[in-house]
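Structure assessment
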Amino acid sequence: MTVHFIGAGPGAADLITLRGHRIIAASPVCLYAGSLVPAELLDACPPGARKIDTANLNLDEIITEMVTAHGLGRDVARLHSGDPSVFSAVAEQMRRLDAAGVPYDVTPGVPAFAAAAAALAREFTVPEVAQTVILTRTAERATAMPPGEDLATLGASRATMVLHLAVQRIEAVVGELVGNYGADCPVAVVARASRPDEVILRGTLADITAKVHQAGVRRTAVIVVGAALTAGQFPDSHLYSTTRHRSATRTPSPSPDLGFSSTADPGRS
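Residues numbered from 1 in each chain as written. Predicted model: local features only at pLDDT ≥ 70, side-chain atom pairs only at ≥ 80, totals over all residues. Heavy atoms only, no water.

As recorded in an unreviewed UniProt entry, the protein goes by the name Precorrin-4/cobalt-precorrin-4 C11-methyltransferase, listed as coming from Actinoplanes derwentensis. As its UniProt record puts it under Pathway (unreviewed entry), the protein is described as follows: "Cofactor biosynthesis; adenosylcobalamin biosynthesis." Checking UniProt for the protein, the heading Sequence similarities (unreviewed entry) contains the comment "Belongs to the precorrin methyltransferase family." (UniProt positions renumbered as here; feature names shortened; annotations may be inferred.)

This is the structure in structure tokens:
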């Protein structure tokens, strides 16, 4: 038996990976965050599957469901929105599963920042404009940020910054970033990326607060800040440059295994 942590993607049901969909279809137990995971994904569960919305469960109750399934020899599909590698709260679940001797693996998903970039039709890394992307959040109504990870410190590089779980305090975000980025720095807010009710707001640090309030965006959104959002004049990438040396033939590299497993073969039920 294995607990499969699965990135369910940013919202659109068809943005889950083939591996993730296959694991759901083979798992007799499915734990999912009902407010964030598309309901259509539950249609892939096998007949008679136990489906548990974790929105109102605490960590102990979630782990109990997993341990109980383990005792019964049943695989668990544990669906998280976006990708499990960032802001997913899987680390504490893994820690407890390790202590309980329950095996698990991880299947990646499309993260919210990637869905936002797609919605904006922008690349967040642009030659000689921005080559670093900072993924972060703010601490209001959440666990405290570690020392040195405040927005003023992170913004000193003027790298492309993507803030999760922060749109409710847009005024404070702007106040902490404007000193480094400047009031005319491009900003975009993407709410419910990839969903039918997706909302895209574009502006600058000077006017984005008013646009967010006017649109009534309060949750399920990312804030993107940086010059890459509007960059038009920049050199072509070296990747496709005519001056770059290319060998005549290439031997394809083997495809990497994208899963991570503690004790089980990733995603192979």
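Resuming the write-up.
A word on the pairing of strand 2 (residues 29-32). What you see with strand 2 is no split at all: V29 and L31 on one side and C30 and Y32 on the other are buried throughout. When strand 2 meets strand 4 (residues 76-80), the two strands line up parallel, connected through four bridges. Within strand 4, the residue paired with C30 across the bridge is A77. (Buried < 20%, exposed > 50% of the residue type's maximum accessible area, 1.4 Å probe, protein only. Helix = DSSP H or I, 4+ residues; strand = E, 2+ residues; numbered from the N terminus. Pairing = 2+ DSSP bridges.)

Take the environment of Q168 next. Relative to the assigned elements, Q168 resides in the loop between strand 7 (160-164) and helix 6 (170-181). What makes Q168 partly exposed here is its relative accessible area of 28%. As for Q168 and V217, which are separated by 49 residues in sequence, their C-alpha atoms are 7.9 Å apart. Looking at Q168, its side chain comes within polar contact range of the main-chain oxygen of R218, at 3.1 Å. (Polar contact = N/O pair within 3.5 Å; in protein donor to acceptor, adjacent residues only side chain to side chain.)

Another point: unusual backbone geometry. Backbone geometry at E128 places phi at a positive 60°, although glycine is not the residue there. Mapping E128 onto the fold places it in the loop between helix 4 (112-120) and strand 6 (133-137). One non-glycine residue, R192, adopts positive backbone phi at about 55°. Checked against the element boundaries, R192 lands in the loop between strand 8 (186-191) and strand 9 (199-204).

Quick look at helix 4 now. Of the positions making up helix 4, those classed as buried are A115, A116, A117 and L120. The inward-facing, buried residues of helix 4 abut strand 8, strand 9 and strand 10 (221-225). (Contact = heavy atoms within 4.5 Å.)

Pairing of side chains with opposite charge becomes possible as their charged atoms draw close. Taken as a whole and judged by the stated rule, the model has five salt bridges. D207 is the salt-bridge partner of K211, the closest N and O atoms lying 3.9 Å from each other. According to the relative accessible area criterion, K211 is partly exposed, its value standing at 31%. (Salt bridge = Lys/Arg side-chain N within 4 Å of Asp/Glu carboxyl O.)

Quick look at helix 2 (residues 59-71) now. Since one α-helical turn is 3.6 residues long, residues separated by three or four positions face the same way. With 13 residues, helix 2 should reach 18 Å at 1.5 Å per residue; the first-to-last C-alpha distance of 18 Å fits that figure. Within the span of helix 2, buried status applies to I62, I63, E65, M66 and A69. On an axial view of helix 2, the arc spanned by its buried residues comes to 150°, and they lie on one face. Next to the buried residues of helix 2 lie strand 1 (3-7), strand 2, strand 3 (50-53), strand 4 and helix 3 (90-100). At the N-terminal boundary of helix 2, the capping side chain belongs to N58, with an oxygen 3.1 Å from the backbone nitrogen of D60. Where helix 2 ends, the next residue or the one after it, G73, has phi of about 75°, a positive value. (Expected span 1.5 Å × (residues − 1). Arc of directions from axis to C-beta.)

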